[in-house]
Every structure is written in structure tokens, then in C-alpha cells.
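The chain contents come next:
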Amino acid sequence: MEKLLNSTGCTASVFPLNCSGTKQNNTVSSSEIRAAGFVLVHAGAGYHSESKAKEYKHVCKRACLKAVDRLRAGAMALEAVTAALTELEDSPFTNAGTGSNLNLSGGVECDASIMDGKSLDYGAVGALSGIRNPVLVARRLLSEAQKGKLSAGRIPPCFLVGIGAQQWALSHGIPPCPSEKMATKFSLAAYRRNKRKMELAEKTEHTVLKKQRTSSRTVGEFKQSFSSSLDTVGAVVVDQDGNVAAAVSSGGLAMKHPGRVGQAAHYGCGCWAENAHDSKPYATAVSTSGCGEHLIRTMLARECSSAVQTEDAHQALLEAMQNKFIGSPFLVNEDGVLGGVIVLKCCKHGDEQSTDDFQDLLEFLWSHTTESMCVGYMSAHDSKAKTHISRLPPGAVAGQSLAIEGGVCRLGVANE
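My aim in this report is to walk through the structure given alongside it, one point at a time. (Residues numbered from 1 in each chain as written. Predicted model: local features only at pLDDT ≥ 70, side-chain atom pairs only at ≥ 80, totals over all residues. Heavy atoms only, no water.)

## A short note on the packing of aromatic side chains
Consideration 1: Counting across every chain of the model gives 8 aromatic pairs.
Consideration 2: With 4.9 Å between their ring centres and 85° between their planes, Tyr 122 and Tyr 267 make a pair best called edge-to-face. Placement of Tyr 122 in strand β7 (residues 122-128) and of Tyr 267 in the loop between β10 (244-250) and β11 (271-274) is noted, with a sequence separation of 145 residues between them.
Consideration 3: Taking the relative accessible area as the measure of exposure, Tyr 122 reaches 7% and is therefore buried.
Consideration 4: With a relative accessible area of 40%, Tyr 267 lands in the partly exposed category.
Consideration 5: Seen from their ring centres, Tyr 267 and Trp 272 are 5.2 Å apart, and the 65° between their planes marks the pair as edge-to-face.
Consideration 6: Taken together through their ring pairs, the aromatic side chains of Phe 38, Phe 364, Trp 366 and Tyr 377 make up a single cluster.
Consideration 7: For the cation-ring pair, Lys 345 lies above Tyr 282, with the distance from its terminal atom to the ring centre recorded as 4.1 Å. (Phe/Tyr/Trp six-rings, centres within 6.5 Å; stacked < 30°, edge-to-face > 60°. Helix = DSSP H or I, 4+ residues; strand = E, 2+ residues; numbered from the N terminus. Buried < 20%, exposed > 50% of the residue type's maximum accessible area, 1.4 Å probe, protein only. Lys NZ or Arg CZ within 6 Å of the ring centre and 35° of its normal.)

This is how it looks when you write it as C-alpha cells:
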């Protein structure tokens, strides 16, 4: 169905899906798939052309399979989400790891973070060069911090940037990868194209100031070309024990200033994962994508996690994207607010003493204000992953409108 929010000018389309990918209402039927773990991934919120749709969907399927293979082997959510991210980073079609956007100097600098919902530990790297899979460094930072304090009582780092992050990664056995090997023909071509557009845009803006004549639309078109490549990747996972984890990785905005760190590395902005506990009845995991500066200033990952601590997750996420993102007081001077999220929400239903009826209910959602967002999802009992490119409804304006979709399934193997 499609729902219009006329009071704010935002558009939200809601198409609930079950694990088999068919449309349904919000109730949960007995025919739904029961699974010992679930993964939801995204290949970014931005613009996904029809010509490359097959490649985007294919990498999402591979990432889901990698994660599910780990879940089927009994791995925890943290290991499974890492497996999904490394697959997404290795694709030349995503803006993360190999194929990342090039910065102003023509180099590759990546951001990544990961969070464990069970321990609430977090690891992140920013403006990292020379490492093929930034998420592996973030994961290693998290695991090293869990070992306790360093010598002389020093607190271990959870977030490293630049050359320091690279040196730390190498000292902990993560192999180097020259930046030129991480660039692809697509990223190099985009760099050359964007450089020409940027130079022309700067010339046009200079003419505006000097002669006060030209169309503002011309400059806007150049800005739009840079905002179209926002394909940060991410994943959220729940394992058979109900633990959740989230991760995100990005090459950053095209033509960014060297040293710039986007939301993918910032705490509460790129990803969030939190198991259920006394004050939080639901376990939640979130991964974001879009314009890093917009996501940082709104701390969107943590905001969405808090928002869906309610019975109606669809409505809660819609309102969070509407009020905490598009309508955020921190972004009032922005022409368009660009971003997207994927969300898992898990809760236990039934009496734990009655194993015949005990099941875990899972809701999985995605929402975006960009023109499109590519997602994939799979349960541990599915034979293959489902993929989907979500797009804004016809006539909706990117940055001012939003789309929201998702579905439900039950976790836990059915009793024989």
C-alpha cells in the first residue's frame, strides 16, 4: 500500500514482505518460515541504475550467503556480519573497499565500524588507506579491546584513523593492499568525470559571483551528480541465540577532502546493535547509508534503534525518518536530506517455560530518502537470498520524501 504524509510533504510507501518475498499484511501467519538466524544487507542508499541492477543484487545475494553459512555453522552474529561486509567490500560495484570513491587527491580512504549487541562493544576506522577490508580492522579493534587493558593500564582504542589505523592493522597481521589495486576502472572513470564537473561547477559559481548571471540549476546539477554515489554498504544480523550485530563500510563521498571521516566510522551514526535487556524489551540492529554529514549530525543509527523500541516498528521508523532526519532541526539549512537505514527488531513471544510455543519474532525494515536503495535478506533456513531495489514512488523528490518497506518472520527451528 502507499501512505501519504501530507502534513510534512513526505511520501512513504509500505510494502510488508514475509521471508518468501510475497506481499502480506502486518499479521504473522503460521505458514511463515522459521529460521535459526537472519541477515539483512544493503548496497547503499543513493541511485542504482537499471543497467547495474543485476550486479548490485548479485553482490547482496553473495553477502547474505556468506553470513548465513556462518550462522548455519553455529557462529555468533558478530562473525556473520563481518563475513557479509567483507563480501560487500570486495565487490567493484560498491563504494566500500575495492571500488571506493576516490578523494580529491585521487586516493582511496575508507571508513568502517562494527558493533556487537551482546557486549555493546564497538570498533571503527576512519580515513584508512592501504587495507583491502576496513571492516576487518574495525572487527579486530573490537576483539582486542575485549581482552582488557594494555600495558601500564592503558585503555585500548576503539576508533583509529589515517596512518595510525593503517600501522595498527599491519602490526596485528592484517595484510596491506596498495590503494591503486583498490581503484577500479569504474572508480577511476568516475573520478575523472567528477573532476571535470567540479572544475566546471567552480567556474560557473565564480561567474555567478562576478557577473551575477547564470542559472542556479546548473550548479545544482553538478551537486546532484556527486550525491548520486552514496553507496555505503552495511549489514545487520541476528543469530540463533538472539544476539544481534551491525556493521557498515564506506569509501565516502566522491571528491571528498583527504582526511574526511564519514558516518560509517562514527559511533551511533553508521551502525548500532543492542541486545534486549531490562530497559530495552527488543533487540535491535541498524546500519545506515547516505550523506555522511547528514547522518552524523542526526546520529541516525542510534535514533532509529531507539525509535523501534515499540510495538509498531513500521510506524516508528517512518516517524523517526520523518522527524529525526528529514525534519531534523540540525539540518534545516539543507536543500535535501539524503540517507537510508536497514533495521532488525527482535522480540521473544510466548512463555519460555513452554518450548512448544516459544518463538522469536523478527521484523526487518529499510527506509531511504534517496532515489533508491538496494537490499538483500535471507534466513538460515532459506535456500537462497531475496534481493530488492527499493525506489521512491513516482513524483517523490529525493531528499524531501521517503520510502519504507520490510517484513516479518519467526526465528527458531520448529519443534518436531
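Moving on, there is more to tell.
## Considerations on the sheet that holds β10
Consideration 1: One open sheet accounts for 8 strands, arranged β8-β7-β6-β10-β9-β5-β15-β16; its pairing is mixed. Each of the sheet's edge strands pairs with one partner strand only, and the pair in question is β8 (159-161) and β16 (386-391). On average, each strand axis in the sheet is inclined to that of its neighbour by 10°, with strand direction left out of account.
Consideration 2: The pairing of strand β6 (residues 110-116) with β10 spans 6 bridges and is antiparallel. For Ser 113, the partnering residue across the bridge sits in β10 and is Val 248.
Consideration 3: Contacts from helix α4 (residues 162-171) reach β7 and β8, with the element oriented near 110° to β8. (Pairing = 2+ DSSP bridges. Axes fitted to C-alpha atoms, helices over the stretch in contact; angles between N-to-C directions. Contact = heavy atoms within 4.5 Å.)

## Observations regarding the environment of Ala 63
Consideration 1: By the element assignment, Ala 63 lies in helix α1 (residues 53-72).
Consideration 2: Taking the C-alpha atoms as reference, Ala 63 lies 9.7 Å from Ala 80; in sequence the two are 17 residues apart.

## Structural notes on the nonpolar core
Consideration 1: Residues Phe 38, Leu 40, Leu 317 and Leu 344 are the most contacted members of the largest nonpolar core, which totals 50 residues.
Consideration 2: No other element matches the 6 residues that helix α10 (residues 313-326) contributes to this core.
Consideration 3: Residues within four places of Leu 344 in sequence aside, it is in contact with Phe 38, Leu 40, Val 236, Val 237, Val 238, Ala 283, Thr 284, Ala 285, Leu 362, Glu 363 and Phe 364.
Consideration 4: Grouped together as the second largest cluster of nonpolar side chains are 33 residues, Val 135, Ala 138, Ala 247 and Ile 389 included. (Core = buried A, V, L, I, M, F, W, Y, C linked by side-chain atoms within 4.5 Å.)

## What about unusual backbone geometry?
Consideration 1: The phi torsion at Ala 127 lies on the positive side, around 50°, for a residue other than glycine.
Consideration 2: On the basis of relative accessibility, which here comes to 7%, the residue Ala 127 falls in the buried class.

## Digging into the environment of Pro 92
Consideration 1: Structurally, Pro 92 can be placed in the loop between α2 (77-90) and β6.
Consideration 2: Judged by relative accessible area, Pro 92 falls into the partly exposed class, the value being 33%.
Consideration 3: With 90 residues separating them in the primary sequence, Pro 92 and Met 182 have C-alpha atoms 8.5 Å apart.
Consideration 4: When near neighbours in sequence (up to four residues on either side) are disregarded, Pro 92 contacts Thr 98, Gly 99, Thr 184 and Phe 186.

## Some points on the pattern of salt bridges
Consideration 1: Under the counting rule described, the total for this entry stands at 10 salt bridges.
Consideration 2: Between Arg 70 and Glu 79 there is a salt bridge, with its nearest N and O atoms 3.6 Å apart.
Consideration 3: With a closest N to O distance of 2.7 Å, Arg 260 and Glu 293 form a salt bridge. Taken together, the residues Arg 260 in the loop between β10 and β11 and Glu 293 in helix α8 (residues 292-298) connect sequence positions 33 residues apart.
Consideration 4: Classification of Glu 293 as partly exposed rests on a relative accessible area of 29%.
Consideration 5: A single salt-bridge network, built from bridges that share partners, covers Arg 140, Glu 144 and Lys 147. (Salt bridge = Lys/Arg side-chain N within 4 Å of Asp/Glu carboxyl O.)

## Here we look at helix α9 (residues 300-307)
Residues separated by three or four positions in an α-helix point in the same direction, a consequence of the helix having 3.6 residues per turn.
Consideration 1: Regarding α9, the residues found buried are Leu 300, Ala 301, Cys 304 and Ser 305. Buried residues in α9, looked at end-on, bunch into an arc of 135°, giving them a common side. (Arc of directions from axis to C-beta.)

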